[in-house]
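# Examining the three-dimensional arrangement
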Amino acid sequence: MTVAVALREATARLTETSDTARLDAELLMAHALGVSRSDMLLRHMSDDAPAGFASLVDRRVHREPIAYILGDAEFYGRRFIVTPHVLIPRSDSECVVEAALAVAPDSGRALDMGTGSGALLITLLAERPSLVGVGIDASLSALSVAAANAARLGVVERMHMLRADWHEHGWSDDVGQFDLIIANPPYVETTAQLDPDVRNFEPASALFAGEEGLDDYRAIIPQLRQLLTEGGAAVLEIGASQAAQVTNIAEKNGFSAELRCDLSGRPRALILR
Ligand code: GLN
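Taking an unreviewed UniProt entry as the reference, the protein is identified by name as Release factor glutamine methyltransferase belonging to Altererythrobacter rubellus. Under Sequence similarities (unreviewed entry), UniProt gives the following word-for-word description of the protein: "Belongs to the protein N5-glutamine methyltransferase family. PrmC subfamily."

### What about the site of the ligand?
In the vicinity of the ligand, the contacting residues are Arg90, Asp92, Asn184, Pro185, Pro186, Tyr187, Val188, Val198 and Leu207. When the residues that make up the shell around the ligand are grouped by side-chain class, the tally is six nonpolar, one polar and two charged.

### Let's talk about the UniProt feature "binding site: substrate" (unreviewed entry) in the protein
Feature annotation in UniProt assigns "binding site: substrate" (unreviewed entry) to the following positions: Asn184, Pro185, Pro186 and Tyr187. Among the secondary structure elements, Asn184 is positioned in the loop between strand E6 (178-183) and helix H9 (196-199). Once you skip the residues sitting within four places of it in the chain, Asn184 turns out to touch Ser93, Val96, Gly114, Leu120 and Glu237. Note on placement: Pro186 falls in the loop between E6 and H9. For Pro186, a count of 19 C-beta atoms within 10 Å translates into the label partly exposed. Every residue in contact with Pro186, bar those within four places of it in the chain, is listed here: Ser205, Ala206, Leu207, Phe208, Ala209 and Asp216.

Criteria and cut-off values
Residues numbered from 1 in each chain as written. Predicted model: local features only at pLDDT ≥ 70, side-chain atom pairs only at ≥ 80, totals over all residues. UniProt positions renumbered as here; feature names shortened; annotations may be inferred. Near = placed C-beta within 6 Å. Nonpolar A, V, L, I, M, F, W, Y, C, P; charged D, E, K, R; others polar. Helix = DSSP H or I, 4+ residues; strand = E, 2+ residues; numbered from the N terminus. Contact = placed C-beta atoms within 7 Å. Buried ≥ 20, exposed ≤ 12 C-beta atoms within 10 Å, placed from the backbone.

Here it is in structure tokens:
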């Protein structure tokens, strides 16, 4: 069977699973061939389809996210390694980067709470060459993904990784203060209806935050007072319906909160000062 025919068949199989069936099939085929997608479309359509393609399509039919199958995902114009130990970076979170760049000093220290793949902090460090950063995560497996990404994207000398859990007392005793703090903490309600692609494959520890999805904001925001330098700011990603509740938690802790929206106009980030 040629690549062209295999792509048609795979697209038909994937239409029930995916809104982007043809694109998914092309990405999986390019991966199986070990070439770029454009190279495949230009040069390889009449080659024999590689043996490994069918099993990649099977994984996608069972709802495994494309990013985990390919092992990487694009965020803010850069490619990040992803494994099932980290949340797949989403374009919604580019709003956090935009807000962080707007408030970041030219030089100074940044902290990323729950760094995961490192996508937020690494992007920030890549865009601001005089910032240094600390990425914390409770998961060692996540930190090793972040470290690999920091090395791959050329910021490893300016980024420290630390295993830490903000629910544990004393985790921040030795970390000092930061001019900028960013976080995309878990914020999904435990009972939320999520896509099987998300619920069955992405790490629950990066998604769920109690009945209201607010547990991690309640833990993080009171700690910001001690972690931020005078005049420092924090940028927190939030769920689309959480702006009022998280603003309320922020104000109770003495912060003002400024709302930022993502590309589709939904509330997506709060800047706390
Ligand atoms: N935006 C993600 C989702 O709904 C959630 C990310 C998070 O909890 N930090 O899939």
